[in-house]
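In case you want the letters, here they are:
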Amino acid sequence: MSTQTDPLWQRLARLTPARIGLGRAGAGLPTREVLKFGLAHAQARDAVHTPMDAAAIAEAVEALGWPTVTVTSGAEDRATYLRRPDYGRRLSPESLKALSDSADGPVDLALVVADGLSARAVHEGAAALLAAFKPHAERAGWRLAPVTIATQARVALGDMAGAALRARAVVVVIGERPGLSSPDSLGLYVTFDPRPGRSDAERNCISNVRPAGLSFELAAFKLDWLLTQAFSRGLTGVNLKDESDRLIEASVPDPVIPPR
């Protein structure tokens, strides 16, 4: 039986964005599925190549009551950024000076909003994520540096930014590499004691933050938990496991299982 009309495949397809149960036309896929794939591929390419509107992001963040400072990486343009990842991991000399000049004594936390490989994800989700996180930061009493808006940036740029801002920890909110069903996904990278030379093993990551994935509210809750533990234990990375789900499970009553 064709997967196009198989009720089992139809039920499974409703549960996942994965491309299953597409049906067939002869030995190939139906035209509509080929066109959908082409659209998804185009959206992923657009997410990578579309420039970030740093001014709009700064305006949205400042509307939350947080000051901002805009910086660039060592990559002068998008083509260089894509060809030379190492350039995206460090600040331009002018940006490093701007951050150092904006530092106002030691702070607990530096937030960096970076385009990464999906400016679309940042445009659509960064302000909403920070809005969800702000009550957590205020309740914890953490002192924050001005929010850094970084273009042509990779995750490790946060290490240099955090060090320049004299922050105990840095969180990089960045557009993730788009998949064919997720061009709008944010990643949150948490590093304690940021400084150049930190490795990826010394970070924690919260990924797939988007309306169709991990909600902004749940991501903010997990971020709060990781930062609290990082400050308490003095570390992040492979030695800090995200156990925030235990708090969620403890607060949810056992489901009622109906009798057969």
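On a predicted model such as this, the values are computed, not experimentally measured, just so you know.

Chemist: Any chance you could break down the nonpolar core for me, citing the residues and the numbers?
Modeler: Formed by 41 residues in total, the largest nonpolar core has its most connected members in Val113, Leu129, Phe133, Ile149, Val209 and Leu227. Contributions of two or more residues to this core are made by helix H3 (54–62), strand S2 (107–114), helix H7 (119–140), strand S3 (147–151), strand S4 (167–175), strand S5 (186–192), strand S6 (203–209) and helix H9 (216–233). With near-sequence residues (within four places) excluded, valine 113 lies in contact with Met52, Ile57, Val122, Ala126, Leu130, Val147, Thr148, Ile149, Ala150 and Val173. Listed in part, the 21 residues of the second largest apolar core include Leu91, Leu99, Leu165 and Val172.

Chemist: I'd like a description of the side chain of glutamate 176, backed by residues and values.
Modeler: For glutamate 176, the location among the structural elements is in the loop between S4 and S5. Non-local contacts of glutamate 176, meaning those with residues more than four positions away in its chain, are made with Leu117, Ser118, Ser185, Leu186, Gly187, Ser207 and Asn208.

Chemist: Can you explain the packing of H7 against H9? Please cite residues and give values.
Modeler: It is the contact of H7 with H9, at a shortest axis distance of 9 Å, that shows an interaxial angle of 45°. Taken together, the axis directions place H7 and H9 in an arrangement best described as oblique. The handedness of the crossing between H7 and H9 is right-handed. Counting all contacts with H7, which are made through Glu124, Gly125, Ala128, Leu129, Ala132, Phe133, His136 and Arg139, the residues of H9 involved are Phe216, Glu217, Ala219, Ala220, Phe221, Leu223, Asp224 and Leu227.

Chemist: For unusual backbone geometry, give the residues involved together with the corresponding values.
Modeler: Even without glycine at this site, glutamine 152 takes up a positive phi of about 55°. Inspection of the secondary structure puts glutamine 152 in the loop between S3 and helix H8 (157–164). On the basis of relative accessible area, glutamine 152 is assigned to the buried category, the value being 14%. For asparagine 208, which is not a glycine, the phi torsion comes out positive at approximately 60°. Along the chain, asparagine 208 falls in strand S6.

The rules behind each value
- Residues numbered from 1 in each chain as written.
- Predicted model: local features only at pLDDT ≥ 70, side-chain atom pairs only at ≥ 80, totals over all residues.
- Heavy atoms only, no water.
- Core = buried A, V, L, I, M, F, W, Y, C linked by side-chain atoms within 4.5 Å.
- Buried < 20%, exposed > 50% of the residue type's maximum accessible area, 1.4 Å probe, protein only.
- Helix = DSSP H or I, 4+ residues; strand = E, 2+ residues; numbered from the N terminus.
- Contact = heavy atoms within 4.5 Å.
- Axes fitted to C-alpha atoms, helices over the stretch in contact; angles between N-to-C directions.
- Parallel < 35°, antiparallel > 145°, perpendicular 65-115°, else oblique.
- Left-handed = near helix turned anticlockwise from the far one by under 90°.

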